[in-house]
Amino acid sequence: MTETAQTPQHSNSMPKKQGFKEDCKKLIAAKYSIVAVPTYEDERCIQSLRELAQHGFGQNLEFYTWSITNGLVSNQGEKVPGSEDPVHAIDYIIKSKKAGIYAFKDLQKQLNPKTIRKLRDAYQELKSYYKTIFLLASETQIPADLVKEVSVLDFELPSAEELERLFEGALRNTKNAKIELSEQDKDDFVKSALGLTWDEAYHAFVRALAGRSVINRSALSVVIEEKCKIVRKEGILDYVPVDFGMQEIGGLETLKKWLSARSQFFSKEAVSFGLRAPKGVLLTGISGCGKSSCVKAISQYWRLPLMRLDMTKVYGGTAGNPEETMRRALKTVEAVAPVILWLEEIEKGVAGFNQGDGGVTARIFSSFLTWMQEKKSLVFVAATANEINQLPPELLRKGRFDEIFFVDLPTEQERTEIFKVHIQKRKHNPEKFKLVDLAKATVGFSGAEIEQIVAGGMFESFNQKRQFNDQDLYREISKTVPLSTTMAEQIKEIKRWADTRAVKAS
Ligand SMILES: Nc1ncnc2c1ncn2[C@@H]1O[C@H](COP(=O)(O)OP(=O)(O)O)[C@@H](O)[C@H]1O
Ligand SMILES: [Mg+2]
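Keep in mind that what you see is a predicted model, and the values were worked out from it rather than measured.

K.L.:
Sorry, what's going on with the site of ligand 1 here?
P.N.:
Contacts to ligand 1 come from 16 residues, most closely from Gly288, Lys291, Ser292, Ser293 and Glu451. In this structure, Lys291 approaches ligand 1 through a side-chain N or O atom, which is 2.8 Å from an oxygen atom. Between ligand 1 and Ala448, the relevant distance is 3.3 Å, taken from an oxygen atom to a main-chain nitrogen or oxygen of the residue. Burial of ligand 1 by the protein chains amounts to 83% of its free accessible area of 560 Å². Judged by its atoms lying within 2 Å of the grid points, ligand 1 is housed in the second largest pocket. Here the shell around ligand 1 is built from residues that sort into five nonpolar, eight polar and three charged. Taken domain by domain, the makeup of the shell around ligand 1 includes at least three residues from each of domain 3 (240-407) and domain 4 (412-485).

K.L.:
Would you explain the environment of Lys296 in this entry?
P.N.:
By the secondary structure assignment, Lys296 is in helix H11 (residues 291-302). In this view, Lys296 contacts Val242, Phe244, Leu306 and Trp342; residues no more than four positions away in its chain are not counted.

K.L.:
Please explain the nonpolar core as it appears in this structure.
P.N.:
Looking at soluble globular proteins, one finds that nonpolar side chains tend to be buried together. In terms of nonpolar packing, the biggest core is built from 70 residues, with Leu282, Leu309, Leu341, Leu343, Ile346, Phe368 and Phe380 touching the most fellow members. If sequence neighbours within four positions are ignored, Phe380 has contacts with Trp258, Phe266, Pro278, Lys279, Gly280, Val281, Ile298, Trp302, Val339, Ile340 and Leu341.

K.L.:
Looking at this structure, I do not really get the pairing of strand S2 (residues 62-67). What am I missing?
P.N.:
A regular strand carries its side chains on alternate faces of the sheet. Burial within S2 is extensive, with five of its six residues counted as buried. With five bridges connecting them, S2 and strand S4 (residues 100-105) associate as parallel partners. By the bridge assignment, Phe63 is partnered in S4 with Ile101. Sheet topology note: the S2/strand S3 (residues 71-74) ladder contains four bridges and is antiparallel. Paired with Trp66 across the strands is Leu72, a residue of S3. The hairpin turn running from S2 into S3, its antiparallel successor, is three residues long.

K.L.:
I'm lost on the layout of surface pockets in this one. Help?
P.N.:
If you roll a probe as big as a water molecule over the atoms, it shows you where there is empty space left. By volume, the second largest pocket is sized at about 300 Å³. Listed by contribution, the elements that provide at least two residues to the lining of the second largest pocket are helix H17 (412-425) and helix H19 (447-463). In terms of residue count, the dominant contributor to the lining of the second largest pocket is H17 (five residues). Along the lines of polarity and charge, the residues of the lining of the second largest pocket split into eight nonpolar, six polar and five charged. In this structure, the lining of the second largest pocket is formed jointly by two domains, domain 3 (240-407) and domain 4 (412-485), each of which donates at least three residues.

K.L.:
Whenever I open this one, the sheet that holds strand S6 (residues 150-152) confuses me. Can you help?
P.N.:
Pairing between sheet strands relies on hydrogen bonds along the backbone, with the strands arranged either parallel or antiparallel. Read from one edge to the other, the open sheet built from six strands follows the order S3-S2-S4-S5-S1-S6, with strand pairing classed as mixed. Looking at strand neighbours, the two that pair on one side only are S3 and S6, the edges of this open sheet. Taking the axes of each pair of neighbouring strands and ignoring which way they run, one obtains an average angle of 25 degrees across the sheet. Across five bridges, strand S1 (residues 34-38) lies against strand S5 (residues 131-137) in parallel orientation. Pairing of Ala36 across the sheet is with Leu135, part of S5. Sheet strands in contact with helix H1 (residues 20-29) are S1, S4 and S5, and its direction is about 140 degrees off that of S5.

K.L.:
Just checking my understanding: could you explain the sheet that holds strand S11 (residues 306-309) for this structure?
P.N.:
Taken together, the seven strands give an open sheet; going across it, the order is S9-S11-S12-S13-S10-S14-S15, and neighbouring strands pair in mixed fashion. Each end of this open sheet is capped by a strand with a single partner; those strands are strand S9 (237-240) and strand S15 (503-504). Two elements, strand S12 (residues 339-343) and strand S13 (residues 379-385), share five bridges in a ladder whose sense is parallel. Within the sheet, the bridge partner assigned to Val339 lies in S13 and is Val379.

K.L.:
Help me understand the state of the cysteines in this model?
P.N.:
Disulfides are covalent bonds that link the sulfur atoms of two cysteine residues. This model, assessed by the stated rule, comprises zero disulfides. Looking at Cys289, it has no disulfide partner, and the nearest cysteine sulfur is the one in Cys294, 11 Å off. A relative accessible area of 10% places Cys289 in the buried class.

K.L.:
How should helix H15 (residues 360-374) be read in this particular structure?
P.N.:
Helix length check: H15 (15 residues) gives 21 Å between terminal C-alpha atoms against 21 Å at 1.5 Å per residue, within 8%. Along H15, the positions that sit buried rather than exposed are Thr361, Ile364, Phe365, Phe368, Leu369, Trp371 and Met372. All buried residues of H15 project into a common sector of 160 degrees when viewed along the axis, lining one side.

K.L.:
Even after reading the chapter, I still don't get the environment of Glu41, so can you show me in this structure?
P.N.:
Residue placement: Glu41 occurs in the loop between S1 and helix H2 (42-55). The class of Glu41 is buried, set by a relative accessible area of 9%. Each residue touching Glu41, except ones within four places of it in the same chain, is listed here: Phe155, Glu156, Leu157, Pro158, Thr197, Trp198 and Asp199.

K.L.:
Looking at this structure, how should I read empty space enclosed by the protein?
P.N.:
Going through the model one piece at a time under the given rule, you end up with three cavities of 30 Å³ or more. For the lining of the largest cavity, the element with the most residues is helix H13 (residues 322-335), which contributes five residues. Taken together, the residues of the lining of the largest cavity break down into four nonpolar, three polar and six charged. Of the domains in this structure, domain 1 (20-152) and domain 3 (240-407) are the two that each give at least three residues to the lining of the largest cavity.

K.L.:
Is there a simple way to think about the packing of helix H3 (residues 86-95) against helix H4 (residues 113-126) in this case?
P.N.:
For any two helices packed against each other, the geometry is given by the interaxial angle and the distance between the axes. At a closest axis distance of 9 Å, the pairing of H3 and H4 adopts a crossing angle of 10 degrees. Our classification of the angle between H3 and H4 gives roughly parallel. Contacts between H3 and H4 involve Pro86, Val87, Ile90, Asp91, Ile93 and Ile94 on the former and, on the latter, Lys114, Thr115, Lys118, Leu119, Ala122, Glu125 and Leu126. When its residues are assigned to classes, the contact of H3 with H4 shows eight nonpolar, one polar and four charged.

Each value, and the rule that gives it
Residues numbered from 1 in each chain as written. Chains lettered and ligands numbered in written order. Predicted model: local features only at pLDDT ≥ 70, side-chain atom pairs only at ≥ 80, totals over all residues. Heavy atoms only, no water. Near = heavy atom within 4 Å. Polar contact = N/O pair within 3.5 Å; in protein donor to acceptor, adjacent residues only side chain to side chain. Areas by Shrake-Rupley, 256 points an atom, 1.4 Å probe, with all protein chains shown as cover. 1 Å grid on protein atoms, 1.4 Å probe; cavity = no way out; pocket = protein on both sides within 12 Å on 5 of 7 lines; lining within 4 Å. Sits in = over half its atoms within 2 Å of the grid points. Nonpolar A, V, L, I, M, F, W, Y, C, P; charged D, E, K, R; others polar. Domains from an automatic or database assignment. Helix = DSSP H or I, 4+ residues; strand = E, 2+ residues; numbered from the N terminus. Contact = heavy atoms within 4.5 Å. Core = buried A, V, L, I, M, F, W, Y, C linked by side-chain atoms within 4.5 Å. Buried < 20%, exposed > 50% of the residue type's maximum accessible area, 1.4 Å probe, protein only. Pairing = 2+ DSSP bridges. Points joined across faces, edges and corners; volume = space filled by probe spheres on them. Axes fitted to C-alpha atoms, helices over the stretch in contact; angles between N-to-C directions. Disulfide = S-S within 2.5 Å. Expected span 1.5 Å × (residues − 1). Arc of directions from axis to C-beta. Parallel < 35°, antiparallel > 145°, perpendicular 65-115°, else oblique.

Shown next, in the form of structure tokens:
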């Protein structure tokens with residue numbers, strides 16, 4: 001490579017492109033000095049960088065790794081004495097005469113004013129050479145002093161092709177087992193491991209295939225199970241198994257029609273036809289009227305797995321730095337697409353929006369909105385909110401969500417259906433009840449309250465060992481003071497708000 005002293009154009013993040021190696025190549029060729037790579041897969045990332053150093057350019061580049069325990073170690077295994085101290089290590093790089101790639105593990109955790117100063121020096125010194133320092137760590141958090149110097153590059157989780165190779169390898173390693181898998185089955189194995197790191201996928205496959213004399217589709221459940229465990233371990237994404245269908249929701253016909261019209265958008269055919277899948281829907285409205293139930297029903301209706309993101313945990317910081325947590329969660333979600341991402345009670349997360357949290361909430365929200373706007377993956381966002389007036393206005397702007405629905409207290413017709421649904425669900429015959437009269441007696445009751453009335457009434461009749469009948473329900477009704485009475489003012493406010501901003505779900 002020829003050296004020119006030209007200063008490269010720097011920007012802080014690279015647009016998403018062909019992949020990690022290609023992106024790296026461009027950064028190195030443009031003489032970027034310092035690149036941060038947020039990843040949980042040190043070793044796989046180092047392997048990629050090593051291959052790049054060896055084969056990516058016209059000539060070999062030097063390749064070194066650094067860790068606090070070993071200091072700088074060359075690709076041939078030679079240690080640079082005294083380089084456990086990052087300041088010395090960086091000095092060595094500055095003085096080196098050769099082009100090279102330097103992969104630092106967890107340096108972010110060792111940053112003190114001296115190291116930060118040294119990195120800033122390195123930024124200046126290296127920018128006219130083909131020498132690039134890569135900072136590998138699970139946290140992207142970059143100190144404010146270094147923000148201008150460091151570019152951030154994503155290291156993607158293994159692709160479907162890579163997982164396919166891994167799966168084929170795991171299959172070859174199963175001795176004496178009879179393999180009864182169609183191409184479609186194999187495809188499903190690979191798909192169900194998407195979103196896992198290389199190691200995680202490897203262990204999931206090994207576990208799924210171990211100890212079987214016949215390997216067939218039934219082993220798939222083990223991979224899915226492993227993935228759910230891992231997604232859960234991450235702490236903020238929850239896989240929600242759904243055994244709940246649209247037919248268990250009374251009313252909300254407009255919403256149901258909207259969903260039904262879009263049920264095919266996530267199929268392979270629709271994608272290859274070039275249809276744009278819907279981005280997401282926001283369900284707002286009065287508590288207990290079926291918002292959460294609807295999200296679960298969409299999952300079953302569209303046959304897409306449901307992942308719930310706990311926003312309070314994101315903001316609470318229990319799972320780590322909030323921005324990093326959000327970033328990782330969205331990446332995991334994208335990798336397991338097609339999928340439904342459920343943001344439950346999204347307003348809880350934004351409670352700090354107007355309070356002094358150093359702008360963290362605002363930043364997470366705006367990066368989430370950008371992600372939603374730009375995402376190409378088949379992730380359908382289903383957000384629910386009770387206190388809609390808490391939401392920042394930019395969330396509600398046209399074009400963010402495909403539609404915003406307002407889920408109101410059920411109408412008389414809807415209450416009839418809700419009674420029917422819940423009586424049926426509990427193995428009784430709804431025809432034995434005067435449903436219309438019951439609906440007339442429950443003006444202002446929510447779906448959740450009607451469900452409670454059915455459950456309570458049944459309980460009494462069972463206790464007294466007699467038929468479950470209308471009287472049981474009326475007794476429960478008379479005991480219930482609906483939320484719409486105790487919270488009349490708030491509900492009026494919510495309705496006023498929704499009138500101009502949302503589509504009625506029923
Ligand atoms: N329209 C409805 N049809 C049937 N059941 C309903 C309906 N609305 C609410 N429910 C019942 O009330 C409970 C709470 O509803 P949920 O979906 O959690 O309400 P929200 O998320 O709006 O607060 C659910 O278990 C569900 O069975
Ligand atoms: Mg809810």
